[in-house]
Amino acid sequence: MTDPHDLLATLADIDSDSALAQARATRQAAGEAIQSSYHALFHAAADDEFPRAERLLLAQRVSEWHGVHALAAHYGDALRQTAQRPQENAERLRAALDHAERLAFTPAQAEPQHLQGLQQAGWSLAAIVTLSQLIAFVSFQSRLLYGYRLLAGKAVNAVGGAPVRAAAWRTERRIHGGRQAPLAFTRQELEWEPWIAAKPLAEFDAAGLALLARFGHTDSDYFRLLARNHPLLEQRTLADRAIFYTSGGLARAERELAATVASKVNACIYCASVHARKAAQLSKQGDAVQQLLEVPPGGALSEGQQDAWRAQIDFAAALSATPPRANPDQLALLRSQGLTPLELLDLVQSTAFFAWANRLMLTLGEPYEP
């Protein structure tokens, strides 16, 4: 039976006495926030507007597309145990499945009219946010499970082929709202414009305002948009902090490097700008970070990098692919360079988190130059 209190440990078949289990215990706050995010999406109070059966069907499809069969089986089993049956031929659910496929495979191709199509099919703004969060979360969860199984020495559905390369990004000179768009990856600070309305501050209750203030997000359109699902935003933010800001393990600069690599694979200029800037500041290797940012579409992300960073970049890029391609040989190279189980766990978690973050940034709005 699947343990509802630690879903990924059960599906990854992690030995409780293993080095991986000890590393995950060191990162207990991250594990709890990840599990609580899962609970907020699939086990919280019933939502007639977005029923649990629809959520489970979408999660099953997304995990299948990512090639993580144990997770797809989990969601399929949960769906079969529900009394409801989703109406897959209904226009509303077809629109959601189209949105899910886009987020899974080609998030950088999203356009504002795709969200308008969801609204026309009957999705409210709050439900669109929850739908997008669910798809992005399962993309993250899939990579976590894949990475955990790889670290635990279990079989993974590794796909062979050439190394994962930089994706093509949008190069229109103007965003849909008319502002100047960034034409290339950059370490400069960017702004972000949502395609659907962020929640107005006047509509927040005291708890919601306190949540925004607690994390310094009161003035952020992005976080006020995600706050249309307040409980999930809280757990997602806690997971982010626990993955990137904890002491020990992988150097913070290298966690930020992994975030940048994932953003290059997914073509998210905004996320890359934030995390490349942090990686450069913390590592004092601005030239190497800039070289990564300047890799053109189809280029090898690790070319010209020092050995340690090259191995981490290749692994993070492979884990970020859809479906993931990270393999035991890449893991063995990282271990030969001296990475500990905790450092490897941090690398997996910081890379995987940007399967979640990039998919929200790319499909709910777009960056512009201030």
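Computed from a predicted model, the values in this text were never measured in an experiment. (Residues numbered from 1 in each chain as written. Predicted model: local features only at pLDDT ≥ 70, side-chain atom pairs only at ≥ 80, totals over all residues. Heavy atoms only, no water.)

What follows concerns the pattern of salt bridges. Per the counting criterion, the structure on display carries 13 salt bridges. Where Arg27 meets Asp346, a salt bridge forms, and the shortest distance between an N and an O atom there is 2.8 Å. Taken together, the residues span a long stretch of sequence, with Arg27 in the loop between α2 (19–26) and α3 (28–42) and Asp346 in helix α17 (residues 341–364) at a distance of 319 residues. Residue Arg27 shares its accessibility class with Asp346, and that shared class is buried. A salt bridge links Glu234 to Arg214; its shortest N-O distance comes to 3.1 Å. A residue pair is termed long-range when its members are at least 10 positions apart, and Glu234 in helix α11 (residues 230–244) and Arg214 in helix α9 (residues 206–214) qualify at 20 residues. For Glu234, a relative accessible area of 24% corresponds to the partly exposed category. Ionic contacts of the salt-bridge type, sharing partners, join the residues Arg27, Arg255 and Asp346 into one network. (Salt bridge = Lys/Arg side-chain N within 4 Å of Asp/Glu carboxyl O. Helix = DSSP H or I, 4+ residues; strand = E, 2+ residues; numbered from the N terminus. Buried < 20%, exposed > 50% of the residue type's maximum accessible area, 1.4 Å probe, protein only.)

UniProt records the feature "domain: Carboxymuconolactone decarboxylase-like" (unreviewed entry) for residues 235–293 in the present numbering. The span residues 235–293 carries 81% helix and 0% strand; its end-to-end C-alpha distance comes to 30 Å. (UniProt positions renumbered as here; feature names shortened; annotations may be inferred.)

Let us look at the layout of surface pockets. The volume enclosed by the largest pocket comes to roughly 730 Å³. Sorting the residues of the lining of the largest pocket by element identifies β1 (191–194), α10 (221–226), α11, α13 (269–283) and α17 as the ones contributing at least two each. Among the elements that take part in the lining of the largest pocket, α13 stands out by supplying six residues, more than any other. For the lining of the largest pocket, the per-class residue count stands at 14 nonpolar, five polar and 10 charged. (1 Å grid on protein atoms, 1.4 Å probe; cavity = no way out; pocket = protein on both sides within 12 Å on 5 of 7 lines; lining within 4 Å. Points joined across faces, edges and corners; volume = space filled by probe spheres on them. Nonpolar A, V, L, I, M, F, W, Y, C, P; charged D, E, K, R; others polar.)

The next subject is the packing of helix α4 (residues 52–65) against helix α6 (residues 91–105). Taken N-terminus to C-terminus, the directions of α4 and α6 make an angle of 30°; their axes are 10 Å apart at the nearest point. By the angle between their axes, α4 is roughly parallel relative to α6. Here the hand of the crossing between α4 and α6 comes out right-handed. Listed contacts from α6 to Glu54, Leu57, Leu58, Arg61, Val62 and Trp65 of α4 are Arg92, Leu93, Ala96, Leu97, Ala100, Glu101, Ala104 and Phe105. Classifying every residue of the contact of α4 with α6 gives 10 nonpolar, no polar and four charged. (Axes fitted to C-alpha atoms, helices over the stretch in contact; angles between N-to-C directions. Parallel < 35°, antiparallel > 145°, perpendicular 65-115°, else oblique. Left-handed = near helix turned anticlockwise from the far one by under 90°. Contact = heavy atoms within 4.5 Å.)

For the rest of this paragraph, the subject is the packing of aromatic side chains. All told, the structure shown has 16 aromatic pairs when counted by the stated rule. Each ring, one from Trp65 and one from Phe105, has its centre 5.9 Å from the other, and the planes form 55°; the classification is tilted. Note that Trp65 is positioned in helix α4 and Phe105 in helix α6, a separation of 40 residues in sequence. Residue class for Trp65 comes out partly exposed when judged on its relative accessible area of 21%. Where Phe140 meets Phe353, the ring centres are 5.7 Å apart and the plane angle is 80°; that geometry is what we call edge-to-face. One end of the pair, Phe140, is in helix α8 (residues 125–151); the other, Phe353, is in helix α17, with 213 residues separating them in the sequence. (Phe/Tyr/Trp six-rings, centres within 6.5 Å; stacked < 30°, edge-to-face > 60°.)

A separate point is helix α16 (residues 328–336). Among the residues of α16, those classed as buried are Gln330, Leu331 and Leu334. In an axial view of α16, the angular spread of the buried residues amounts to 100°, which keeps them on one side of the axis. Residues of α16 that are exposed and angled more than 90 degrees away from the buried face: Asp329 and Ser336. Of the residues that open α16, the one with a side-chain oxygen 3.0 Å from the backbone nitrogen of Asp329 is Asn327. Looking one or two residues past α16, Gly338 carries a phi angle of roughly 95°, positive in sign. (Arc of directions from axis to C-beta. Polar contact = N/O pair within 3.5 Å; in protein donor to acceptor, adjacent residues only side chain to side chain.)

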